[in-house]
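# Per-entry structural report
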Amino acid sequence: MLPCYFTNRCMLVVANMLNANMLMDDPPLHVQTVLTSLLSCPTNQASLTVSPSSSQLFKDESVSLSCEEDDSSAGWTLRRNTTIKPRTQCGDGWGRPAGSSCNISYMDPVDSGVYWCESREGATSNIINITVTGGPVILQSPVLPVMEGEDLTLTCKTETSSNLPASFYKDGSFIRNEPAGHMTIHNVSRSAEGLYKCHISSVGESPPSWVSVTEKPTTSAPPLGSDHLPLVIRLVCHLVVFCPFCISTIIMVSLYRHRAAGNDLPVSVLMTPPTQAEEGLDDDHDEVITAVTTEHHF
């Protein structure tokens, strides 16, 4: 089990070194956003969720962000990058921490930015981009990427209604009008990825929001990449420890059964027939006994 232990430790050290080198300097906000995305942990030890589930919020709206964690001992906290102050954690001038969650009572346009969960060791979760607007219209879109084949629903809403007729746009191009303010794209593909916005006549236009579409996982067995390397090494460790034990046990049982079989060999008694000389001696012996017996009878 020693090689498996050292493999896990080495992976953790490398991850910490990467985080330290990338974030040692204080790059601009757009660079930090890219770095934060790159540092998102592929193992998803924690997942950031937001309620209400929308990438756009109205000013003065309350929001709750939560780290859904696999390991509560990792000490996950909420962090964010904004145009005012990059890389700050919940409670440092914004939000009210509650364990691995963070509650913001009144959102402001200055709260627009990138939010994520981070552990004490530097591991990060997925990132969520939140836009806070002081305008009259927002586009309610998924905060997490949509998978290929799923349905994408967008809602154009005001502070008082979400059922007004609205026009929807993607990458600046008109898509269609929806009388109820809801637009659903069925069975989305990667081409659905882009920058969306909506417009309600006589009310206003929403800020744009980026919608991501992820590739649908294949059903075939995945290749043994870096994510599977620890599992393979662990399996090899178990085989190295377990196989010699099995082989030695089989050999000992075989030797024991062989020795037990040698001690219990059957013993046969061979009865040989008497020879003619022995038969003659027996007859003479009988005659002598008969004569002696006759002699003593008076």
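Now for a description of the structure that goes with this document. (Residues numbered from 1 in each chain as written. Predicted model: local features only at pLDDT ≥ 70, side-chain atom pairs only at ≥ 80, totals over all residues. Heavy atoms only, no water.)

### Thoughts on the overall build of the chain
Across its full length, the chain holds four helices and 19 strands. Within the chain, the proportion of its 298 residues that are buried is 28%. When the accessible surface of the chain is summed, it comes to about 19300 Å², and 60% of that surface belongs to carbon and sulfur atoms. (Helix = DSSP H or I, 4+ residues; strand = E, 2+ residues; numbered from the N terminus. Buried < 20%, exposed > 50% of the residue type's maximum accessible area, 1.4 Å probe, protein only. Areas by Shrake-Rupley, 256 points an atom, 1.4 Å probe, with all protein chains shown as cover.)

### Some points on the pattern of salt bridges
A full pass over the atoms with the stated rule returns six salt bridges. In this structure, the salt-bridge partner of aspartate 171 is lysine 170, at a minimum N-O distance of 3.1 Å. Close ionic contact of lysine 197 with glutamate 205 constitutes a salt bridge, the shortest N to O distance being 3.4 Å. Beyond isolated ion pairs, a larger network of salt bridges with shared partners links Arg79, Arg87 and Glu118. (Salt bridge = Lys/Arg side-chain N within 4 Å of Asp/Glu carboxyl O.)

### So, the sheet that holds strand 9 (residues 124-133)
Pairing within the open sheet is mixed, and its five strands lie in the order 2-9-8-4-5. The open sheet has two edge strands with one neighbour each: strand 2 (56-58) and strand 5 (88-89). Direction of pairing for strand 4 (residues 77-82) relative to strand 5: antiparallel, over a ladder of two bridges. The partner of arginine 79 across the bridge, within strand 5, is glutamine 89. (Pairing = 2+ DSSP bridges.)

### Considering the side chain of serine 55
The residue serine 55 is located in the loop between strand 1 (46-51) and strand 2 in this model. The class of serine 55 is buried, set by a relative accessible area of 6%. Reaching out from serine 55, the side chain makes a polar contact with the side chain of serine 209 at a distance of 3.4 Å. (Polar contact = N/O pair within 3.5 Å; in protein donor to acceptor, adjacent residues only side chain to side chain.)

### Topic: the packing of aromatic side chains
A full pass over the atoms with the stated rule returns two aromatic pairs. On the numbers, 5.7 Å between centres and 85° between planes, the contact of tryptophan 94 with tyrosine 115 is edge-to-face. Taken together, the residues span a long stretch of sequence, with tryptophan 94 in the loop between strand 5 and strand 6 (96-98) and tyrosine 115 in strand 8 (residues 113-118) at a distance of 21 residues. Look at tyrosine 169 and phenylalanine 174: their rings are 5.6 Å apart centre to centre, the planes differ by 70°, and that puts the pair in the edge-to-face class. (Phe/Tyr/Trp six-rings, centres within 6.5 Å; stacked < 30°, edge-to-face > 60°.)

### Things to note about the state of the cysteines
Evaluation of the coordinates by the stated rule reveals three disulfides. Each sulfur in the disulfide pair cysteine 90 and cysteine 102 lies 2.0 Å from the other. Torsion about the S-S bond of the cysteine 90 and cysteine 102 cystine: about 80°, corresponding to right-handed handedness. Taken together, the positions of cysteine 90 in the loop between strand 5 and strand 6 and cysteine 102 in strand 7 (residues 101-104) put the pair 12 residues apart, joining distant regions of the chain. For the pair shown, cysteine 90 and cysteine 102 are each scored as buried. Across a sulfur-sulfur distance of 2.1 Å, cysteine 156 and cysteine 198 are joined as a disulfide pair. Between cysteine 156 and cysteine 198 the sulfur-sulfur dihedral comes to about 80°; the bridge is accordingly right-handed. Of this pair, cysteine 156 sits in strand 12 (residues 152-157) while cysteine 198 sits in strand 16 (residues 194-200); the two residues are 42 residues apart in sequence, bridging distant segments of the chain. Its relative accessible area of 0% is what places cysteine 156 among the buried residues. (Disulfide = S-S within 2.5 Å.)

### Here we look at the nonpolar core
Judged by nonpolar contacts, the single largest core of 22 residues is most densely connected at Leu65, Leu78, Met107, Tyr115 and Ile130. For this core, the secondary structure elements donating two or more residues are strand 1, strand 3 (63-69), strand 7, strand 8 and strand 9. By size, the runner-up hydrophobic cluster in this structure holds 16 residues, among which are Val146, Cys156, Met183 and Val211. (Core = buried A, V, L, I, M, F, W, Y, C linked by side-chain atoms within 4.5 Å.)

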